[in-house]
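Remarks on the overall topology
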Amino acid sequence: LAEAARYFSLAAEQGLASSQFWSGHMSECGNGAKRDQDEAVRMYRAAAAQGNVLALVQLGICLEKGRGVEQDGVEAAARYAEASAASAIGGDAARIFAHGAYLIEHVDAQSEPSAPSSFYAQVAVRELALAARLGHEGALEKLATVSRRREVASVCCMGCGATRALMECAKCHVAKFCDRECQVSNWPAHKQSCQRWRPTDGG
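Below is a short write-up of the structure.

Conventions and cut-offs
Residues numbered from 1 in each chain as written. Predicted model: local features only at pLDDT ≥ 70, side-chain atom pairs only at ≥ 80, totals over all residues. Heavy atoms only, no water. Helix = DSSP H or I, 4+ residues; strand = E, 2+ residues; numbered from the N terminus. Buried < 20%, exposed > 50% of the residue type's maximum accessible area, 1.4 Å probe, protein only. Contact = heavy atoms within 4.5 Å. Areas by Shrake-Rupley, 256 points an atom, 1.4 Å probe, with all protein chains shown as cover. Phe/Tyr/Trp six-rings, centres within 6.5 Å; stacked < 30°, edge-to-face > 60°. Salt bridge = Lys/Arg side-chain N within 4 Å of Asp/Glu carboxyl O. Expected span 1.5 Å × (residues − 1). Arc of directions from axis to C-beta. Polar contact = N/O pair within 3.5 Å; in protein donor to acceptor, adjacent residues only side chain to side chain. Core = buried A, V, L, I, M, F, W, Y, C linked by side-chain atoms within 4.5 Å.

**Observations regarding the overall build of the chain**
Helix and strand content of the chain: 11 helices and two strands. Reading the helices (α) and strands (β) of the chain from amino to carboxyl end gives α-α-α-α-α-α-α-α-α-β-β-α-α. In the chain, buried positions account for 43% of the 203 residues. Nonlocal contacts in the chain, meaning residues at least 24 apart in sequence, comprise 44% of its contacts between residues at least 6 apart. Accessible surface for the chain amounts to roughly 10,700 Å². Of this, 52% is attributable to carbon and sulfur atoms.

The structure is reproduced here in structure tokens:
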């Protein structure tokens, strides 16, 4: 690891964004290099400036948590938004899925990915949902394991799991169905959640 960290550091100083990210990551974790949160943030910023998605995410987390930098939720949200936009360029389902899965599983082991207040969890859910809509077979399964059922229900047919050409439940405006037949057959299962998800008056 020490040798890898040295090569990443050399490449990072030459301006290679991916190496800047990994150099920062190794500095943050203390893998092969001295743990140095300030250096990690410096590397993340350098890579993020070049549009590196993972660096944008990690920088956002540092800003959100106040790790090696002054805590700043506004800038953190901006970096997450940049990461989300950058990962969606080209509409590549596999790339978007990989990004969302990375956020869920590897970004912050001490966080709860399903927490709705978490900026990066929300970005991850959006990424996985987009990948599902684009037809990635594993995206919906991953989304279902880490997010609340409401979020899963909003991106696939609750009757058959289809992710394209969906119609919205007219009562709760959350659940999706591929056609009327799926909606009717799934009504017994959806009835309680439908009531719970309906907009409140004045909300």
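**Considering the packing of aromatic side chains**
Following the criterion strictly, the structure yields two aromatic pairs and no others. Here Phe21 and Trp22 contribute two aromatic rings whose centre-to-centre distance is 4.8 Å and whose plane-to-plane angle is 70°, an arrangement assigned as edge-to-face. On the basis of relative accessible area, Trp22 is assigned to the partly exposed category, the value being 34%. Site record: aromatic cluster; members linked through ring pairs are Phe21, Trp22 and Tyr44.

**Observations concerning the side chain of Ser27**
Within the element layout of this structure, Ser27 appears in helix H2 (residues 17-29). Dropping the residues within four chain positions of it, Ser27 is found in contact with Lys34, Arg35, Asp36, Glu39 and Ala40.

**A word on the pattern of salt bridges**
Throughout the structure, instances matching the rule amount to seven salt bridges. Residues joined in a network through salt bridges with shared partners are Arg45, Glu75, Arg79 and Glu82.

**Considerations on unusual backbone geometry**
In this model, His173 sits at a positive phi of 60°, which is unusual for a non-glycine residue. Within the secondary structure, His173 sits in the loop between strand E1 (167-168) and strand E2 (176-177).

**Re helix H3 (residues 37-48)**
With 12 residues, H3 extends 16 Å between its outermost C-alpha atoms, agreeing within 8% with the 16 Å of an ideal straight helix rising 1.5 Å per residue. Residues Ala40, Val41, Met43, Tyr44, Ala47 and Ala48 constitute the buried set of H3. Along the long axis of H3, the arc covered by the buried residues comes to 165°, so they all point the same way. Structurally, H3 contributes buried residues whose contacts are with helix H1 (2-13), H2 and helix H4 (53-65). N-cap assignment for H3: the residue whose side-chain oxygen lies 3.2 Å from the backbone N of Asp38 is Asp36.

**Details of H1**
The end-to-end C-alpha distance of H1 is 17 Å, a good match for the 16 Å that 12 residues give at a rise of 1.5 Å each. Tucked into the core, H1 has its buried residues touching H2 and H3. Two residues or fewer after H1 comes Gly15, characterised by a positive phi angle close to 95°.

**Focus on the nonpolar core**
One recurring pattern in soluble globular proteins is that nonpolar side chains are buried together. Counting residues in hydrophobic clusters, the biggest one holds 37 residues, and the most contacted among them are Phe21, Tyr44, Leu59, Phe97, Leu140 and Leu143. When residues of this core are traced back to their parent elements, those giving at least two are H2, H3, H4, helix H5 (73-88), helix H6 (93-106), helix H7 (119-133) and helix H8 (137-146). The element that contributes the greatest number of residues to this core is H4, accounting for eight residues. When residues no more than four places from it in sequence are discounted, the contact partners of Tyr44 are Phe21, Gly24, His25, Glu28, Ala55, Gln58, Leu59 and Cys62. Within the second largest apolar cluster, 11 residues are counted, among which are Val174, Ala175, Cys194 and Trp197.

No statement about biological role is implied by the geometric values presented.
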